[in-house]
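# Survey of secondary and tertiary structure
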Amino acid sequence: MSPRKLVPIGVFAAFMAAFPWIVAPFESVSHYTDVMVFAGIFCLVTIGLSLLMGFAGQISLAQAAFFGIGAYVSAILTGRFGWNPWAAMPAGAVVCAAVAWIVGVPALRLKGHYLAMATLGFGVIVHIILNEEVEWTGGPSGMVDIPGLSIAGTPLLSETAWYYLVWTFVAAALLFSYHVLHSRVGRALRAIHEEEKAAEAMGVPVASYKVQVFVYSAVLASLAGSLYTHYVTFLTPSSFDLMWSIRFVLMVVVGGMQSLWGALLGTVFLTFVGNEWLQVFADFEVLVYGAILLLVVLWVPQGLVVWMQERLRLRRAADLSRSE
Amino acid sequence: MDSIGFGAAWLQYALGGITVGAIYALVAIGYNIIYNVTEIINFAQGEFVMLGGLFAVFFHETCGFPMLPAFLAAVAAVALTGLILERYVIRKARHATVLSMIIITIAFSILLKGGAMLVWGRDPYRLPAFSGSGSILWNGVAIQPQALWVLAVSGTIVACLTIFFQRSVYGKAMLACADNPAAARLVGIPVRTMIFLSFMLSAAIGAAAGVAITPITLMEYDRGALLGLKGFGAAVLGGLGQFFGALVAGLLLGLAESFCAGYVSSGYKDAVALVLLLLALFFKPEGLFGSKEAAGLKRF
Amino acid sequence: MVGRGRNRCVGRASRVLLWVCALVLLTPVGVLAGGKPYKIGAVFSVTGGASFLGEPEKKTAEMIVEQVNARGGINGHPVQLVLYDDETDATKCNLAVKKLIKRDKVPVIIGPSTSGNSLAVVSVAEAYKVPLISCAASYKIVEPVASRHWVFKVAGSDKHVVGKMYDYMQAKGITKIGIMTVSTGFGASGREELLRLAKDYGITIVADERYGPKDTDLTAQLTKIRQSGAQAVVNWSVGPTAVLAVKGWRDLKMEGIALFQSHGFGSKKYLELCGDAAEGVLLPLARVNVGPLLPEDHPQKKVIMEYIRAYEAKYQEPISSFGGHAWDSMHLALAALQAVGPDRAKIRDFLENTRNFVGQHGIFNFSPQDHNGLSKDDLEMVVVKNGDWALAE
């Protein structure tokens, strides 16, 4: 990375690190830290999804299912079998990876609409299983009294502590994803997105790479699910239904599929929109969601981040030419 | 106990399955018409069914129309919705990628659902049966006259579509667009008109299904998604683009669900259609009645 | 020309600032009233899937605050209701409760409306030590009471509903029943209790059927129950499936097998949707639903009739039993504020020791072992007669 690129990232990181201290003195926004905890959890899901959609060009409407599998595996292992949450988390990720691989190998041979429907169908099946296996999941009434997290013997109670924990995960996921994108795999992914047949002809193991990204996105969603479980300490299947899968897709699309920053921005933006700023819309919220999605895809298909970058570049160019 | 033995229960499940299956078949046919002409899968197809039912309630209960005019008015209103979808959304996104197109139709379905919720609220609505209320008990099997109406409506639609596509100029033109849009344009077929016709037609069919089923099941704003999903299952199972296949697959799905609820587990009933959908997608994506070569030619 | 460029920059910056300000202002800010108001926090599912619960709850709570402030508040303090809509979403509910605790610093919270959302915030109330009076039914909200120090609920438990139902069946000599429940939190909780308590009443469950909330056809389930030799069928659901069950029961000519519904059927809207088909359906209901049918000397008669009068005059719509939960929780919170002032710990202690509180859903007797305070005797067995409720013999 060039130093010029590092400056904005450094500023961003500093801002994120200071965020709880910035909002704390202002009473009307002091609870924004709580919102950011959830936003961070969702970011983990959408970073993986953006890799899958924006870079490998494959849609998944099953991310809420992976989110849910991670959450429930963590909850069952800690609540029923007394595992340590830190051990349950990777266990959930392994289960999720296995499921994603089993579904992904046949599913990713499909394209476009077929793939969308297959992942959607899989997501709904998982939701039905969570509802029906009452013995294990508590069914629709949910699971209660799931243990929280603790680090080195001290339980994580304050929102600020959770904020740092969650965003550390996000930072790690970002770094790792960035690394993936700038490796051989990343270049191959983009080739798949551009022209799959050509990539295949060039000897890129297309199928295998697609499944790998799918599994990676499922693992991230699973980690997010585990964090969600131990943060809220209560689960119901309704937090993992189809609407959530659509919301995750929406977050990625609004921010911009072609950039990890897009996923980040879209997620934080929509989490605040949904939980804070759109409260006034109440019943209209669904409509506003649909409208945002439609408008973005029709008029800003590249997403907000790329759109803003382009606007800025155009402005700068215009300013320059005028001042000359 | 004795009068309602195994046979009666079996028949009862079969009847329930065929009724629901007919609706799945109609939804599947709706998918097929649009797919044939545009190669788009319209994720809002299920919402057309929901809108059909609710519009019929509006025209019949609120405006006081008799049943038949209310039926036709509801179908017309939903066809208009289909027209709006095509004219103002799909046409704008002509050059969008498949991914964007999926998101666009999902967004439109969210809008339809949200709009219906604002207009009609969250309560379920009922509609009187087309003829007579109550049911006929025959050898321990309860038959609702409305179930026969559902079958009649489905049968009529399938028959009309067959004639339309085989005999009328428009129907043949639409099939030509499906086969090869560029060639169709060359021989002077207005492809644009055909696309927009296909959207109206499939919306109208969805609406008819919605009106027919509402007296049995009631209707409320968020019914669409699940109906759409199962209808898609039927469309894929029957081979995308195949009308006859859709009909058979729809009935099969309905029967499978009903027997699963009766003999296996009622909780997993909804999963049956989806598992069949996944199996079909994974192992026989061209469907039971589609040909492999034809599937290979399509873009998706 | 350079100057113009800078102006544009300033313009852009100020525009960004304006946006930020607008967004911050968009977050609802509490209204300041005269004096030092007593705050009551509320979280209801006013919109979303459970809006049929949250909407009457919100209206009731707002009406009560108006009434109290018109009387001059409590102890000279006006009452201020800080109400958030959780849109029937567990995550949003969790955030809303934290906002009430941290930003609005309320001494007591009423709601949430649904069991799922209530369970999602139990740990928050415990962690921040804020008394919470839930309006939802699940017994898990207040049990085990050792880890529910700060949480109360005013809705009866499903075990009371099932107990009342089984009592009635026992009296009628019904021993074999089929149950059908919807696969949502509401149905699952009912199913658990139906299965758990059957033994105590000498009842055998010969069929146990489930269905989804969006199901369009219940004849398969009903056919199975008809075959099983059940003497009665219990349906436990809300929404269209509750109506479909009645219609299917009538279509299959199953009148010989009595149909019991859960208290979730307790809305006149369902009777309208069912039409004649609902005649003879039995269900246990809280007294708030059947106020006019109660004898004059019943202790709850007065509060229920007053609530009905005020609510129907203000909103021109019939009351619902859910609004009754908001009435109970609001008046408990008000009583606590009046007695001990806005002190979280003292309010909790006051609630736990409240006895003989006459509410809409019964006469509450809280104790350190029981944070619900209701029993099955707070319900009435009701039968549908001529398109209306009637007390069942």
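In this text the structure is predicted, and so the values were computed from the model without any measurement. (Residues numbered from 1 in each chain as written. Chains lettered and ligands numbered in written order. Predicted model: local features only at pLDDT ≥ 70, side-chain atom pairs only at ≥ 80, totals over all residues.)

## Section: the overall build of chain B
To be explicit about the condition: Secondary structure elements are taken from DSSP: a helix is a run of H or I of four residues or more, a strand is a run of E of two residues or more, and numbering for both begins at the N terminus. A radius of gyration in this sense is built from C-alpha atoms; the matching globule rule multiplies 2.2 Å by the number of residues raised to 0.38. Field definition: a residue is buried when 20 or more other C-beta atoms are found within 10 Å of its C-beta, exposed when 12 or fewer are, and partly exposed for counts in between, with C-beta atoms placed from the backbone.
In terms of helices and strands, chain B carries twelve helices and two strands. If you list the helices and strands of chain B from N to C, you get α-α-α-α-β-β-α-α-α-α-α-α-α-α. Radius of gyration (C-alpha) of chain B: 19 Å, near the 19 Å computed for a compact globule of 300 residues. Its C-alpha atoms put chain B at 65 × 50 × 35 Å along the principal axes. Of all 300 residues assigned to chain B, the portion counted as buried reaches 57%.

## Here we look at the overall build of chain A
Let me state the cut-off plainly: Any residue pair is listed as a contact if its two C-beta atoms, each placed from the backbone, are within 7 Å.
A tally of regular secondary structure across chain A gives 14 helices and two strands. A globule of 324 residues ought to have a C-alpha radius of gyration of about 20 Å, and chain A, at 20 Å, matches this closely. Each of the three principal axes of chain A carries a C-alpha extent, and together these read 70 × 55 × 40 Å. For chain A, buried positions account for 54% of its 324 residues. A sequence separation of at least 24 residues applies to 77% of the contacts in chain A between residues at least 6 apart.

## Comments concerning the interface of chain B and chain A
Counting residues at the interface gives 36 residues for chain B and 34 residues for chain A. Broken down by secondary-structure element, the contributors of at least two residues to the side of chain B that touches chain A are helix H4 (98-120), helix H9 (224-237) and helix H11 (269-283) of chain B. In terms of residue count, the dominant contributor to the side of chain B that touches chain A is H4 of chain B (16 residues).

## Considering the nonpolar core
This is how it is decided: To count as a nonpolar core, a set of buried Ala, Val, Leu, Ile, Met, Phe, Trp, Tyr and Cys residues must be joined through C-beta atoms within 7 Å.
Ranked by size, the top nonpolar core spans 337 residues in total, and within it Ala224 of chain A together with Ala207 of chain B carry the most contacts. For alanine 224 of chain A, the contacting residues outside a window of four places in its chain are Ile41, Phe42, Leu44, Val45, Phe67 and Gly70 of chain A.

## Focus on the pairing of strand E1 (residues 38-44) of chain C
Residue and element names in this part refer to chain C. What counts here: By convention a crossover is right-handed if, when the strands point away from the viewer, the path from the first strand over the helix to the second runs clockwise. When DSSP finds two or more bridges between two strands, those strands count as paired.
Taking burial as the measure, the seven residues of E1 include seven buried ones, the bulk of the element. The two faces of E1 match: Tyr38, Ile40, Ala42 and Phe44 on one face and Lys39, Gly41 and Val43 on the other face are all buried. Viewed along the sheet, the connection from E1 through helix H2 (residues 51-70) into strand E2 (residues 79-85) turns out right-handed. Sheet analysis places E1 next to strand E3 (residues 109-110), joined by two bridges and oriented parallel. Residue alanine 42 lies in a different strand from E3, and its bridge partner there is isoleucine 110.

## Thoughts on the UniProt feature "transmembrane region" (unreviewed entry) in chain B
All names here are of chain B. The test is simple: UniProt positions are given in the numbering used here, feature names are shortened, and annotations may be inferred rather than shown by experiment.
Per the UniProt annotation, the sites labelled "transmembrane region" (unreviewed entry) are residues 12-33, 40-59, 65-85, 97-120, 147-165, 195-219, 231-255 and 267-283. Counted over residues 40-59, helix gives 75% and strand 0%. Its end C-alpha atoms are 31 Å apart. Taken end to end, residues 195-219 comprises 92% helix and 0% strand; its first and last C-alpha atoms sit 29 Å apart.

## Focus: the interface of chain B and chain C
Quick note on the threshold: Nonpolar residues are Ala, Val, Leu, Ile, Met, Phe, Trp, Tyr, Cys and Pro. Charged residues are Asp, Glu, Lys and Arg, and all others, Gly as well, are polar.
Taken together, the contact between chain B and chain C spans 28 residues of the former and 27 residues of the latter. Secondary structure elements with two or more residues in the side of chain B that touches chain C: helix H1 (6-38), helix H8 (191-217) and helix H10 (243-264) of chain B. For the side of chain B that touches chain C, the element with the most residues is H1 of chain B, which contributes six residues. When its residues are assigned to classes, the side of chain B that touches chain C shows twelve nonpolar, ten polar and six charged.

## Thoughts on the UniProt feature "transmembrane region" (unreviewed entry) in chain A
All names here are of chain A. Under the UniProt annotation, the feature "transmembrane region" (unreviewed entry) is placed at residues 35-57, 64-83, 89-107, 114-130, 161-181, 248-274 and 286-307. Annotated as 80% helix and 0% strand, the span residues 64-83 places its first and last C-alpha atoms 24 Å apart. For residues 248-274, the end-to-end C-alpha separation is 13 Å, with 85% helix and 0% strand making up the annotated structure.

## Some details on the sheet that holds E1 of chain C
The five strands lie next to each other as E2-E1-E3-E4-E5 (chain C), forming an open sheet whose pairing is parallel. Each of the sheet's edge strands pairs with one partner strand only, and the pair in question is E2 and strand E5 (151-153) of chain C.

## A word on the environment of aspartate 297 of chain C
Along the chain, aspartate 297 of chain C falls in the loop between strand E10 (282-286) and helix H10 (301-315). As a C-alpha pair, aspartate 297 of chain C and alanine 339 of chain C span 42 residues in sequence and 28 Å in three-dimensional space.

## Brief notes about the packing of helix H3 (residues 67-90) of chain B against H8 of chain B
Axes are the key here: two packed helices are described by the angle between their axes and the distance separating the axes. Residue and element names in this part refer to chain B. Selection rule: Between N-to-C directions, angles cover 0 to 180 degrees, with each direction set by a line fitted to C-alpha atoms, over the stretch in contact for helices. Two helices crossing with the near one rotated counterclockwise from the far one by less than a right angle form a left-handed crossing, whereas a clockwise rotation gives a right-handed crossing.
Put simply, H3 and H8 touch, their axes get as near as 7 Å, and they point 140° apart. Of the two possible hands of crossing, H3 and H8 adopt the one that is right-handed. Residues Phe71, Ala74, Val75, Val78, Ala79, Thr81, Gly82, Leu83, Leu85, Glu86 and Arg87 of H3 form the contact with H8, whose own contacting residues are Ile195, Phe196, Phe199, Met200, Ser202, Ala203, Ala204, Gly206, Ala207, Ala208 and Val211. Looking at the contact of H3 with H8 residue by residue, the class counts come to 16 nonpolar, four polar and two charged.

## Brief notes about the pairing of E2 of chain C
Across a regular strand the side chains alternate sides, sitting on one face of the sheet and then on the other. Residue and element names in this part refer to chain C. Of all seven residues in E2, seven are buried; the element is thus mostly enclosed. Of the two faces of E2, the one lined by Val79, Leu81, Leu83 and Asp85 and the one lined by Gln80, Val82 and Tyr84 are each fully buried. Sheet topology note: the E1/E2 ladder contains seven bridges and is parallel. What sits directly across from isoleucine 40, in E2, is leucine 81.

## Topic: the packing of H2 of chain C against H10 of chain C
Residue and element names in this part refer to chain C. Put simply, the test is: Just so you know how the angles are binned, under 35 degrees is roughly parallel, over 145 roughly antiparallel, 65 to 115 roughly perpendicular, and the rest oblique.
The N-to-C vectors of H2 and H10 enclose an angle of 105°; their axes lie 11 Å apart at closest approach. Judged by the angle between their axes, H2 and H10 are roughly perpendicular. Residue-level contacts link Lys59, Thr60 and Met63 of H2 to Ala310, Tyr311, Lys314 and Tyr315 of H10.

## What to know about helix H11 (residues 321-340) of chain C
Since there are 3.6 residues in each turn of an α-helix, residues three or four apart along the chain are aligned in direction. Residue and element names in this part refer to chain C. Note the cut-off: The length a helix should cover is 1.5 Å for every residue beyond the first.
Helix length check: H11 (20 residues) gives 29 Å between terminal C-alpha atoms against 28 Å at 1.5 Å per residue, within 8%. For H11, a buried count of 15 out of 20 residues is recorded, marking the element as mostly surrounded by other parts of the structure. Following H11 by one or two positions, glycine 341 adopts a phi angle in the positive range, close to 75°.

## Topic: the domain arrangement of chain A
Stated formally: How far each domain reaches was decided by an automatic or database domain assignment.
Taken as a whole, chain A is organised into domain 1 (1-30) and domain 2 (35-248). Domain 1 of chain A and domain 2 of chain A are separated by 26 Å when their C-alpha centres are compared.

## Here we look at helix H11 (residues 242-255) of chain A
Residues and elements named next belong to chain A. With 14 residues, H11 should cover 20 Å at 1.5 Å per step; its first-to-last C-alpha distance of 20 Å lies within 8% of that length. The buried fraction of H11 amounts to twelve of the 14 residues, a majority that puts the element mostly inside the structure. Residues of H11 that are buried include every one of Trp244, Ser245, Ile246, Arg247, Phe248, Val249, Leu250, Met251, Val252, Val253, Val254 and Gly255, and no others. Positive phi appears at glycine 256, one or two residues downstream of H11, with a value of about 125°.

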